[in-house]
Amino acid sequence: MEYLFLLILVGIMAFALGSGYPVAFALPGSAIITITLAGIFGLIFEQDTSAFFVQGGPINWLTAGITNFRGIYWEVERDTLIAIPLFIFMGIMLQRSRIAEDLLITMAQLFGAVRGGLGISVVFVGALLAATTGIVGATVVAMGLISLPAMLKNKYSHGLATGTIAASGTLGQIIPPSIVLIILADQLSSAVDIADMARKRMYKEVTGNLTMPSEFGVSSTSAGDMFMGALLPGLVLVLLYMMYILVAAYLKPDLAPAVPLQGKRDKSFVVKVLLSLIPPLTLIFIVLGSIIGGIATVNQAGAIGAVGALIMAGYRLTSGKKGSFYPSIIAISSIIFIGIVTSIYTVNIRSVQTNDDVIGVVLAIIGTIGLLVAIGWSAWRAFKIEDTLNGVMLETAKTTSLVFIILLGAAMLTAAFRGFGGEEVVKDFLVGMPGGFWSQFVIVMIVIFVLGFFLDFIEIAVVVVPIVAPILLMDPGANITAVWLGVMIGLNIQTSFLTPPFGFALFYLRGVASKIVTTISMYKGVIPFISLQIFAMIIVGYAETIVNYLPTRLSLLGNSAPPPNEPKATVLHARLCF
């Protein structure tokens, strides 16, 4: 009877999502309706509201749901979610201040003279915007408005042009900093705890020992680990896109002809290129470099990125006017000054003992005041010019609210799914598959890929991952890390933006594309790029070191070794088998 209510739960959720009902209400609504029905039927037929639950009953489910809600907001281990609004603010600010637009136009002029160069510039800019904005909708719309008319004007194939723009716009889902990676890290942290407990139970059953050595446990992951693990796979995907465009343009010149150079590549052109490239690259270096070097956490790096985007917007919004660069010059000078002071003096108010300590603190305060003045000046410009700051704040609040409401709804749905024994059903099905871990993994990846035709990336991440990730991670014979599993799922989820009929990147591009570009040509255009993404998953799946190398080698990040050379899992598997 429990499985009947499990089917009702899944059926209501599928019907609600398929009918276009808002996801934020479809997920918790289906859970509440099913739980209520199960409680009522249990009370009527068995005089026990918990009769048709595998795990407890409505009270237990409510307790589990409340625990999940508290975990989202109050558990210290999950404070990574604070980075989401910071990175959203950074991306929207760069897009609203037209810095992304400048980058697209400049790169198109730089690479356009090469056969297929305009497409290469779109991919290159897409990768840069992915590492700065990470907002798929904003990136696709910006490139669709700016690059698509230029590509069509220069007789690019409609399919290649739209496919390149749509695929490049989705790079923000895998190239850090990425909201998807943050959500996956959050979901995997809980999955690791469940998998680790399962390993301890297996170890106790086989060996009789109550305590399992810590080296046999499942290594947890963080947003920093996920960022570093996804960096190289993201670059691999960028290279695959570029190689495809170059090969296609070489084999069929009519697909992507060269664009004649307009104007001269003189000193002013070089300055324009540098002004368009250096600020975004500097922001990427500071945000990711601070995480890599262990200088800042992901949350702190998100704050750095948000402030950096605000300062960049301050000079871009006043471009061409006298004093447009004053706030950015003050900010850079203050940061350099603070760096010099902290390298000479010990700057800590609590440990002031000598005159040198006082001097160091005073100088650091002066530098900080200068930085605050630059930030405030830039914010005032963004506030006064075109109401930019107000628009960015509203969009940030809307997007952040959407993400967190879905997280809350998914917490309710997952608790209900487990309450009806759904997790055990999935576990028994996967464990019963012949071929061990890899057959289980392939089945899960196929399911996620198919779900991508109908569901958004957040829905897949918060609904599917908590169910399947513990099952995959608890197998000691798998010899995988949580980071590798998260990156593979992230690459798979990325395809959901391109797969019709509900590929959101296609919807965004359709909204700004010319009417001469048919929807069918857009669908045909993304097929090669979907194939490239699947090929990238095969590469990363075969060469796990691509993911695990940076998190393993870099300081203050993950401590997990690249499979299949993780001895702790191999030893535990041997013990459990023999």
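Before going into details, it helps to say that this report is about the structure given with it. (Residues numbered from 1 in each chain as written. Predicted model: local features only at pLDDT ≥ 70, side-chain atom pairs only at ≥ 80, totals over all residues. Heavy atoms only, no water.)

1. Notes on the overall build of the protein chain
Helix and strand counts for the protein chain come out as 24 helices and 0 strands. Accessible area of the protein chain: about 25900 Å², with a carbon and sulfur share of 69%. (Helix = DSSP H or I, 4+ residues; strand = E, 2+ residues; numbered from the N terminus. Areas by Shrake-Rupley, 256 points an atom, 1.4 Å probe, with all protein chains shown as cover.)

2. Brief notes about helix H19 (residues 465–473)
The buried fraction of H19 is high, at 9 of 9 residues. Among all positions in H19, only Val 465, Pro 466, Ile 467, Val 468, Ala 469, Pro 470, Ile 471, Leu 472 and Leu 473 are buried. (Buried < 20%, exposed > 50% of the residue type's maximum accessible area, 1.4 Å probe, protein only.)

3. Re the packing of helix H8 (residues 158–169) against helix H10 (residues 223–251)
Packing of H8 against H10 brings their axes to within 11 Å, and their N-to-C directions diverge by 170°. By the angle between their directions, the pair H8 and H10 is classed as roughly antiparallel. Listed contacts from H10 to Leu 160, Thr 164, Ala 167 and Ser 168 of H8 are Tyr 241, Tyr 244 and Ile 245. Grouping the constituent residues of the contact of H8 with H10 by class yields 5 nonpolar, 2 polar and no charged. (Axes fitted to C-alpha atoms, helices over the stretch in contact; angles between N-to-C directions. Parallel < 35°, antiparallel > 145°, perpendicular 65-115°, else oblique. Contact = heavy atoms within 4.5 Å. Nonpolar A, V, L, I, M, F, W, Y, C, P; charged D, E, K, R; others polar.)

4. Here's the deal with the side chain of Thr 162
Looking at the element boundaries, Thr 162 is found in helix H8. Among residues more than four places away in sequence, those in contact with Thr 162 are Leu 148, Leu 509, Val 517, Ser 521 and Met 522.

5. Concerning unusual backbone geometry
Here Glu 386, not a glycine, exhibits a phi torsion of approximately 60°, which is positive. Tracing the backbone through its elements, the reader meets Glu 386 in the loop between helix H14 (355–384) and helix H15 (388–419). The residue Asp 387 is not glycine, and still its phi comes out positive at about 55°. Here Asp 387 lies in the loop between H14 and H15.

6. Description of the nonpolar core
Judged by nonpolar contacts, the single largest core of 166 residues is most densely connected at Ile 183, Leu 473, Trp 484 and Leu 485. Sorting elements by how many residues they give to this core places H10 first, with 13 residues. Not counting residues up to four positions away in its chain, the partners in contact with Leu 473 are Ala 191, Val 192, Ala 195, Arg 199, Val 218, Ile 480, Thr 481, Ala 482 and Leu 485. (Core = buried A, V, L, I, M, F, W, Y, C linked by side-chain atoms within 4.5 Å.)

7. As for the packing of aromatic side chains
Evaluated as defined, the whole model comprises 11 aromatic pairs. Taken together, a centroid distance of 5.4 Å and an interplanar angle of 80° make the contact between Tyr 244 and Phe 529 edge-to-face. Taken as a pair, Tyr 244 in helix H10 and Phe 529 in helix H22 (residues 519–542) lie far apart in primary sequence, 285 residues in all. Tyr 244 sits in the partly exposed class, given a relative accessible area of 27%. Residue classification places Phe 529 among the buried residues on the basis of a relative accessible area of 0%. Summarising the aromatic geometry, the rings of Tyr 315 and Phe 325 are spaced 5.1 Å apart at their centres and angled 25° between planes, so their arrangement reads as stacked. One end of the pair, Tyr 315, is in helix H12 (residues 298–316); the other, Phe 325, is in the loop between H12 and helix H13 (326–344), with 10 residues separating them in the sequence. Classification of Tyr 315 as buried rests on a relative accessible area of 14%. In this structure an aromatic cluster arises from ring pairing among Phe 5, Phe 41 and Phe 45. (Phe/Tyr/Trp six-rings, centres within 6.5 Å; stacked < 30°, edge-to-face > 60°.)

8. Details of the packing of helix H9 (residues 179–207) against H10
H10 packs onto H9 with a crossing angle of 125° between their chain directions and a minimal axis gap of 8 Å. For the element pair H9 / H10, the angle class is oblique. For the pair H9 and H10, the crossing hand works out as right-handed. Of the residues in H10, those touching H9 at Leu 181, Ile 182, Leu 184, Ala 185 and Leu 188 are Ala 223, Met 226, Phe 227 and Ala 230. For the contact of H9 with H10, the class distribution of residues is 9 nonpolar, no polar and no charged. (Left-handed = near helix turned anticlockwise from the far one by under 90°.)

9. Description of the environment of Glu 544
Mapped onto the fold, Glu 544 is located in the loop between H22 and helix H23 (545–553). On the basis of relative accessibility, which here comes to 10%, the residue Glu 544 falls in the buried class. Between the alpha carbons of Glu 544 and Met 488 there is a distance of 9.8 Å; along the sequence they are 56 residues apart.

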